[in-house]
Amino acid sequence: MTALFSRFLRISIPERLSCTPDNKNPAFSLELIADGAIPFPQIILRQQGREHLIKGDQIEPVATDVESAHGYRAEIPAGCLHAGEVQVQIEGCRSSDIRQAGGDDWIKTFRRLELTRAVPRPVIQATGKVTTGDQPKLYFGIHKHMHQPYYDAADPEYWDGEKEEIFGSRGGPYRDFVPAAIEQYAMAELRHAGLTCSWSGSLIEQLDRCAAEGRCGGRFRDWTSELRRVAGLKTAMGNPRLDFSAFAFFHPLLPLIPPRDIVRQIQMHREITAKTFGVPASKACFPPETAFHPRIIPALKEAGIEAVIYDSIHRYRACRDYPYAGTSEGMLPPNPADQVNPAVADWLRLHNVWTGSEIAPSLLRPEYLTYTGPDGVTHRIIGVPAERYIGNEDARGGFGALQYPDVLGQVFQHLLDHGGFDPRHPPFFLLHSDGDNHGGGAESYYRHNTARMIEWLREDPRFELIGIADYLQRFPPDPARSIHLEPGSWSGADNGDPQFMKWFSRYREPYSPDLNSWAVLTALQNAVHSLEDAQPEHPLLDQMVRLLLTAEASDYWYWTGQSRWDQQVTNAANQAWTLAGPELARLAGSPADRTGPTLFPPWVTPENPGGKQWGQGCLEEAPREARVHTFVFDLSGLARVTLHLQSTQGVQTLPMTDRGPYPCQTGANETARYFTAELPIGLGDVRYYIEAEDRQGNVSRGALERVFLA
């Protein structure tokens, strides 16, 4: 009986071939020798998302000089491949019944073939005429976001049929779709092309559990293998083509949690990224929900972040003379206190893509963002714009859903017409979307549509796909120039308004499930921070921190009105209070309590005093009288909470009114106290912060905020 093969002994394939004059491959042969007979040998040639399968009669047995070995030869016809890198997969099935073969019956090996171009590419001007010389170029990048929360904040082991279905349906996005796109960039010789990808820690942990316990039919066994493989591919600048962006472990809304928790969430994420994918996380951060506020800059810097991604509309709206689009924009007019950047004159209404407002192409480039705190110290970080409307269209399915040549061509031509090209700081923006949902998470996005995008890029040198790291290395932003950015998130979060109202649902009603969760969380944050500061080695601390950080996941505010989600923060907090209640009771009021009160970031109603507010499906005049709100909690009790105002009329200090614990309908063990203060009328552009002192003399100061009081 002839022995079946168990391994390939030798593969003979040219490493490099010159293309024919039409830049196609010449005919060539591939020979392989195996230690036994191969019932079903086949060869797969991959290039730019396309596959050429060689099998059956196309592979013939040949004699070999190796004793007891079996040889095979495949003739690859001319013209089936084009210039660039080709991935060659050689495999054989050991089972004589291929229909019954399992994954372990296939033995595979890989090679690469370089097809060098015979005809140099032309240089094309914006007019489409072939010419020579350097031309203006528009750079863009792609970001994919992967996340699943814990569906029970108090029990990370929780699993049911719904989760089995949710995870099981995302095998492609979580395993090999991203590597498929990355490989096409490399094989197409796109020198700087890559993408950034954010993976939440809660998703990684759950996928690891799926792998270890065989969940989802074993689909996630060795789920990181392809990701780890392409993580080693580099751009021409030596940066990773697959850049695992910095992120916050449990997907919290960074502008609404304390700075120390921001740092911890990012550091935890960096650790699990290196452990899971074998490479360090990027120093560019994709904040969950693209939610940014200038007050988080110091914490981002402390966590080692050098650049942060933001939604482009908040750069547009921070300009003087911004052309507000009204209700179609989905947000209130910008608060004048945020409109401090110079006016621009290149406003553009894009066509053939949905837009709620105009964009300014000249602003689509990385810049330094600034924040100045109550102490007068200014902090800076690089901001990288993610273009709101073009990114949303790309999320529908990539090239095809978004007509790249047309839409990006409008931006290019507008920059050309308005003199917007700066060779030292050329335009650059990201197209970002979920990597596991809807069109942006479909296999066609990563494979077929990516291949079509690459074909377009190869023929149109006006545009270049580039990773964040390569762009910043080639075109660092001007350190002498910095700007203010309006707070806010991406459009999928109820249009991403500066007040983060997606996470403040029903805030005008007597009871808001969202505000309840923030009040409960504020109390838990103070308890955990106080225990940590008093006893850094306390044996309960790890469990307490885990419950706190899990409870900060922004998902628990996203689906307001569903008791399952409205209850999550309370469940985690109650478990923590039950776990450490006696310890916290002993700490409260004792000299060991060295932690100041925890302050929730304040919000103002109406959002634009004396400007516009939402009416019934319309905009209406907002009263000039305004109120600032916050939650405050301290284990040892509160001695005072004061509001400090700075304006052209001087400095004012106002006591804030204690309205008692925020009303709770979820049975929380503890909840923060609700404070308000009435704001003076007519102060104009105001800076303010809140300060609180507990009964042990510990003082906390909030961030410096801004509002315009008409």
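Placed above this text is the structure.
Rules used throughout
Residues numbered from 1 in each chain as written. Predicted model: local features only at pLDDT ≥ 70, side-chain atom pairs only at ≥ 80, totals over all residues. Heavy atoms only, no water. Helix = DSSP H or I, 4+ residues; strand = E, 2+ residues; numbered from the N terminus. Rg over C-alpha atoms; globule rule 2.2 N^0.38 Å. Areas by Shrake-Rupley, 256 points an atom, 1.4 Å probe, with all protein chains shown as cover. Lys, Arg positive; Asp, Glu negative; His and termini not counted. Charge placed at Lys NZ, Arg CZ, Asp CG, Glu CD. Phe/Tyr/Trp six-rings, centres within 6.5 Å; stacked < 30°, edge-to-face > 60°. Buried < 20%, exposed > 50% of the residue type's maximum accessible area, 1.4 Å probe, protein only. Lys NZ or Arg CZ within 6 Å of the ring centre and 35° of its normal. 1 Å grid on protein atoms, 1.4 Å probe; cavity = no way out; pocket = protein on both sides within 12 Å on 5 of 7 lines; lining within 4 Å. Points joined across faces, edges and corners; volume = space filled by probe spheres on them. Nonpolar A, V, L, I, M, F, W, Y, C, P; charged D, E, K, R; others polar. Contact = heavy atoms within 4.5 Å. Salt bridge = Lys/Arg side-chain N within 4 Å of Asp/Glu carboxyl O.

### Overview of the overall build of the chain
Then, number 1: Helix and strand counts for the chain stand at 17 helices and 33 strands.
Then, number 2: Against the compact-globule benchmark of 27 Å for 710 residues, the chain has a radius of gyration of 29 Å, which places it among compact chains.
Then, number 3: When the accessible surface of the chain is totalled, it reaches about 27800 Å², and 48% of it is carbon and sulfur.
Then, number 4: Charge centroids of the chain, computed over 69 positive and 88 negative side chains, lie 3 Å from each other.

### Looking at the packing of aromatic side chains
Then, number 1: In the structure shown here, the tally under the stated rule is 46 aromatic pairs.
Then, number 2: With centroids separated by 4.1 Å and ring planes inclined at 10°, the aromatic side chains of Phe 244 and Phe 277 adopt a geometry described as stacked. Of this pair, Phe 244 sits in strand E14 (residues 242-244) while Phe 277 is found in helix H6 (residues 259-277), placing the two residues 33 residues apart along the sequence.
Then, number 3: For Phe 277, a relative accessible area of 2% puts it in the buried group.
Then, number 4: Among the aromatic residues, those joined into a ring-pair cluster are Phe 504, Tyr 511, Trp 518, Trp 557, Phe 600, Trp 603, Phe 631, Tyr 662 and Tyr 674.
Then, number 5: In this structure, Arg 215 is placed above the aromatic ring of Trp 159, and the distance from its NZ or CZ to the ring centre is 4.4 Å.
Then, number 6: Sitting over the ring of Tyr 368, Arg 380 keeps its end group 4.1 Å from the ring centre.

### Some remarks on the layout of surface pockets
Then, number 1: Counted as a void, the second largest pocket has a volume near 810 Å³.
Then, number 2: Considering the residues around the second largest pocket, the lining is formed by 38 residues, among which Pro 258, Pro 259, Arg 701, Gly 702 and Ala 703 are closest to the centre.
Then, number 3: The set of elements that each furnish at least two residues to the lining of the second largest pocket consists of H6, helix H7 (297-302), helix H13 (513-534), strand E22 (598-599) and strand E32 (699-701).
Then, number 4: The element best represented in the lining of the second largest pocket is H6, accounting for 4 residues.
Then, number 5: Here the lining of the second largest pocket is built from residues that sort into 21 nonpolar, 11 polar and 6 charged.

### What about the environment of Tyr 368?
Then, number 1: Assignment of secondary structure puts Tyr 368 in strand E17 (residues 367-372).
Then, number 2: Between the alpha carbons of Tyr 368 and Ser 200 there is a distance of 26 Å; along the sequence they are 168 residues apart.
Then, number 3: Residues in contact with Tyr 368, not counting those within four places in the same chain, are Arg 380, Ile 381, Ile 382, Pro 477, Asp 478, Pro 479, Arg 481, Ser 482 and Ile 483.

### A short note on the pattern of salt bridges
Then, number 1: All told, the structure shown has 39 salt bridges when counted by the stated rule.
Then, number 2: The salt bridge partner of Arg 546 is Glu 205, with a shortest N-O separation of 2.7 Å. With Arg 546 in helix H14 (residues 541-551) and Glu 205 in helix H4 (residues 201-213), the pair connects residues that are 341 residues apart, well separated along the chain.
Then, number 3: With a shortest N-O distance of 2.8 Å, Arg 260 and Glu 532 are connected by a salt bridge. With Arg 260 in helix H6 and Glu 532 in helix H13, the pair connects residues that are 272 residues apart, well separated along the chain.
Then, number 4: Taking the relative accessible area as the measure of exposure, Glu 532 reaches 17% and is therefore buried.
Then, number 5: Salt bridges sharing common partners tie together Glu 31, Glu 60, Arg 73 and Glu 75.

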